Amino acid sequence: MPQMGVSVAEGTVVEWFKQPGDWVEADEIIASISTDKIDTDVESPAGGRVQEILVEVGATVDVGTVMARIATDANPGEAHADEAASTGTDEATAALQAPGDAGELQGDGHEVHEASAQSDAAAPAPRGGPRRYSPVVMRIAAEHDLDLERIEGTGRGGRVRKQDVLAFLENGGARGVAGDEGRTPEADQAPMHIESPYRPEAPAGPRKPRAPRFGAAAPAAAGDTDLGPVQSGPLSRMRQSIGRHMHQSLQTSATCTTVIEADLTRIAKAREQSRMTYLPYMARATIDALREFPLLNATLEGETFTQYEAVHLGIAVSLGGGGLIVPVIHNAQELSVEGLAARIRELAARARDNELTPDDVRGGTFTITNPGGYGSILATPVINQPQVAILDTEAVVKRPVVVTDALGDDAIVIRSMTYLCMSWDHRALDGALAAQFLAALRTRLENWAPDGGTGA
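Undergrad: Can you help me understand the overall build of the protein in this one?
TA: In terms of regular secondary structure, the protein is built from 7 helices and 21 strands. Looking at the protein as a whole, 46% of its 456 residues are labelled buried. The contacts in the protein between residues at least 6 apart in sequence include a share of 64% that link residues at least 24 apart. When the accessible surface of the protein is totalled, it reaches about 22,200 Å², and 51% of it is carbon and sulfur.

Next comes the structure, spelled out in structure tokens:
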């Protein structure tokens, strides 16, 4: 099982594209796996004949677990022994495994190429039995209200791939929605920034209700008919994995949350000209505050506390019902507000298209999560292990506040206000430092200069 990121400890096999006895070329996609970070395909580390599959579809195993064995001394087209009668392995067998970030194979030392976007190797074939769909295919189908049974698959055994769904949409397979005329692609994406919850929404017209993603309708029990139809089924693999990691974080860290109020009126005016969202401004000010308080730009693993000079900033991206993911902007301190805005847009688009690579989600030193675009005003985020703090940016809302002028006189004025909520690990930090960091962040935001400076 390949290593998909520093905080990923396990993965789930979604599909095998080869079976025992099949020939596989080096670097040919052999399996698809899913973690709470990304869904990705695994390439064969060597050419040979698949000798044994050790991890079945649906099984969740730890990183480094041997998934399959490949006989590298076999030749294509030659007769081979029945795998059911095979016992043991020989010296020429390659183990499909990646024990860690180095990505080396156990046994013959072939390198595992960790990620490729989608499989296009297998030719279509008649299918039989229930269809299996990858998480990204199910997510696209749910977002566009598609019936996957209507789509012809070009993958192995007639499997429906991402390319098949996108081609179906391009050919007019998606059901039209009244009121969508003139909408841009950006308007259809989930919010990636914080905005006032009171902004008007464009009329969308009637839409057919979508079936919940987690299961199928279950009949009501006797005496419960007044409840109407109910939905029941297992959580998705991503939701199960996210749940385990969030629970582990709460059990690992001594989590505390500190909240501070900030006046973003200056940034609100700057946005009128830049037409950017609040998030890149927040990110730039956060980076500057982290450089002033580097103890928060750190990780804690066991008893080992590591402080970083560079800021590798994680930005939480919502995948709708598919969960969330935290791509990382490496060396974010080198980017301007405009550069951060462009990088955030790029990573968000790739995350929603399931095109992130393992390098895109590893190595974060601090995380920003921004649910304010949905109208929330206060939250207590869960720390993204092994980091020591996470910043939650909430909705920016105009409201009356009391301000004091240079003469000491008070007045009630309208300001664009927000709450900055930060959860932090009391094992590594103290409340005074958390409050000082948030105060420094507030100062930078409230004194934003027209030239893009943070006023600090």
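Undergrad: So what exactly am I meant to see when it comes to the packing of helix α5 (residues 278-292) against helix α7 (residues 431-446) here?
TA: Between two packed helices, the angle of one axis relative to the other and the distance separating the axes together describe the packing. As a packed pair, α5 and α7 sit with axes 9 Å apart at the nearest point and diverge in direction by 135°. With respect to α7, the element α5 is oriented oblique. Every pair of crossing elements has a handedness; the one defined by α5 and α7 is right-handed. Touching Tyr-281, Met-282, Ala-285, Thr-286, Asp-288, Ala-289, Leu-290 and Glu-292 of α5 are Phe-437, Ala-440, Leu-441, Arg-444 and Leu-445, all from α7. Of the residues that constitute the contact of α5 with α7, the class distribution is 9 nonpolar, 1 polar and 3 charged.

Undergrad: Sorry if this is basic, but what is going on with the packing of aromatic side chains here?
TA: The relative placement of two aromatic rings is captured by the distance of their centres and the angle of their planes. Evaluated as defined, the whole model comprises 3 aromatic pairs. Ring geometry for Phe-366 versus Phe-437: centroids 6.0 Å apart, planes at 55°, classification tilted. Here Phe-366, found in strand β18 (residues 366-369), pairs with Phe-437, found in helix α7; they are 71 residues apart in sequence, far enough to count as distant. On the basis of relative accessibility, which here comes to 0%, the residue Phe-366 falls in the buried class. For Phe-437, a relative accessible area of 0% corresponds to the buried category. Clustering of aromatic rings is evident, with ring pairs tying together Phe-293, Phe-366 and Phe-437.

Undergrad: Sorry, what's going on with the pattern of salt bridges here?
TA: Any two side chains of opposite charge can pair if their charged atoms end up close together. Enumeration over the complete set of coordinates arrives at 11 salt bridges. In this structure, Glu-346 and Arg-343 form a salt bridge, with 2.7 Å as the shortest nitrogen-oxygen distance. Of the two residues, Glu-346 and Arg-343 are both situated in helix α6 (residues 337-352); the distance of 3 residues between them amounts to about one turn of the helix. Note that Arg-362 is salt-bridged to Asp-359, the shortest N-O span being 2.6 Å.

Undergrad: Sorry if this is basic, but what is going on with the side chain of Ser-416 here?
TA: As for its position among the elements, Ser-416 is in strand β21 (residues 410-425). The exposure class assigned to Ser-416 is buried, which follows from its relative accessible area of 7%. Those residues within four positions of Ser-416 in sequence are excluded, and the remaining contacts are Ala-262, Asp-263, Leu-264, Thr-265, Ala-268, Val-396, Val-397 and Lys-398.

Undergrad: Hey, could you run me through the environment of Ala-342 in this one?
TA: Its location among the elements puts Ala-342 in helix α6. When its relative accessible area of 36% is taken as the criterion, Ala-342 is described as partly exposed. For the pair Ala-342 and Pro-280, spaced 62 residues apart in the sequence, the C-alpha separation amounts to 8.9 Å.

Undergrad: Help me understand the side chain of Ser-253 in this model?
TA: Relative to the assigned elements, Ser-253 resides in the loop between α3 (237-252) and β11 (255-263). In this structure Ser-253 comes out as buried when scored by relative accessible area, which is 6%. Here Asp-425 takes part through its side chain, which lies 3.1 Å from a polar atom of the side chain of Ser-253. Not counting residues up to four positions away in its chain, the partners in contact with Ser-253 are Ile-383, Gln-385, Asp-425 and Arg-427.

Undergrad: Got a minute to help me understand α5 in this structure?
TA: The α-helix winds at 3.6 residues per turn, so residues separated by three or four positions along the chain end up facing the same way. Given a rise of 1.5 Å per residue, 15 residues ought to cover 21 Å, and the 22 Å separating the end C-alpha atoms of α5 matches this to within 8%. In terms of burial, α5 is largely enclosed, as 13 of its 15 residues are buried. Between a side-chain oxygen at the N-terminus of α5 and the backbone nitrogen of Leu-279 the separation is 3.3 Å; the capping residue is Thr-277.

Undergrad: Mind showing me how you'd approach the pairing of β18 here?
TA: On a regular strand, each side chain points to the face opposite its neighbour's, so the side chains alternate between the two faces of the sheet. What you see with β18 is no split at all: Phe-366 and Ile-368 on one side and Thr-367 and Thr-369 on the other are buried throughout. The pairing of strand β14 (residues 313-315) with β18 spans 3 bridges and is classified as parallel. In the sheet register, Leu-313 faces β18, and the bridge partner there is Phe-366. Relative to strand β19 (residues 389-393), β18 runs parallel, the two being bridged by 3 bridges. The partner of Thr-367 across the bridge, within β19, is Ile-390.

Undergrad: In this structure, what is going on with unusual backbone geometry? I would like to understand it.
TA: Leave glycine aside and you will find that most residues have negative phi; peptide bonds, for their part, are mostly trans. With an omega of 5°, the peptide bond between Gln-385 and Pro-386 qualifies as cis. Its place among the elements puts Pro-386 in the loop between β18 and β19. For Asp-145, which is not glycine, the phi dihedral falls at a positive 55°. Among the secondary structure elements, Asp-145 is positioned in the loop between α1 (135-143) and α2 (162-170). For Asp-145, a relative accessible area of 15% corresponds to the buried category. Even without a glycine there, the phi angle at Asn-354 is positive, about 60°. The exposure class of Asn-354 is buried, given its relative accessible area of 11%.

Cut-offs applied
Residues numbered from 1 in each chain as written. Predicted model: local features only at pLDDT ≥ 70, side-chain atom pairs only at ≥ 80, totals over all residues. Heavy atoms only, no water. Helix = DSSP H or I, 4+ residues; strand = E, 2+ residues; numbered from the N terminus. Buried < 20%, exposed > 50% of the residue type's maximum accessible area, 1.4 Å probe, protein only. Contact = heavy atoms within 4.5 Å. Areas by Shrake-Rupley, 256 points an atom, 1.4 Å probe, with all protein chains shown as cover. Axes fitted to C-alpha atoms, helices over the stretch in contact; angles between N-to-C directions. Parallel < 35°, antiparallel > 145°, perpendicular 65-115°, else oblique. Left-handed = near helix turned anticlockwise from the far one by under 90°. Nonpolar A, V, L, I, M, F, W, Y, C, P; charged D, E, K, R; others polar. Phe/Tyr/Trp six-rings, centres within 6.5 Å; stacked < 30°, edge-to-face > 60°. Salt bridge = Lys/Arg side-chain N within 4 Å of Asp/Glu carboxyl O. Polar contact = N/O pair within 3.5 Å; in protein donor to acceptor, adjacent residues only side chain to side chain. Expected span 1.5 Å × (residues − 1). Pairing = 2+ DSSP bridges.

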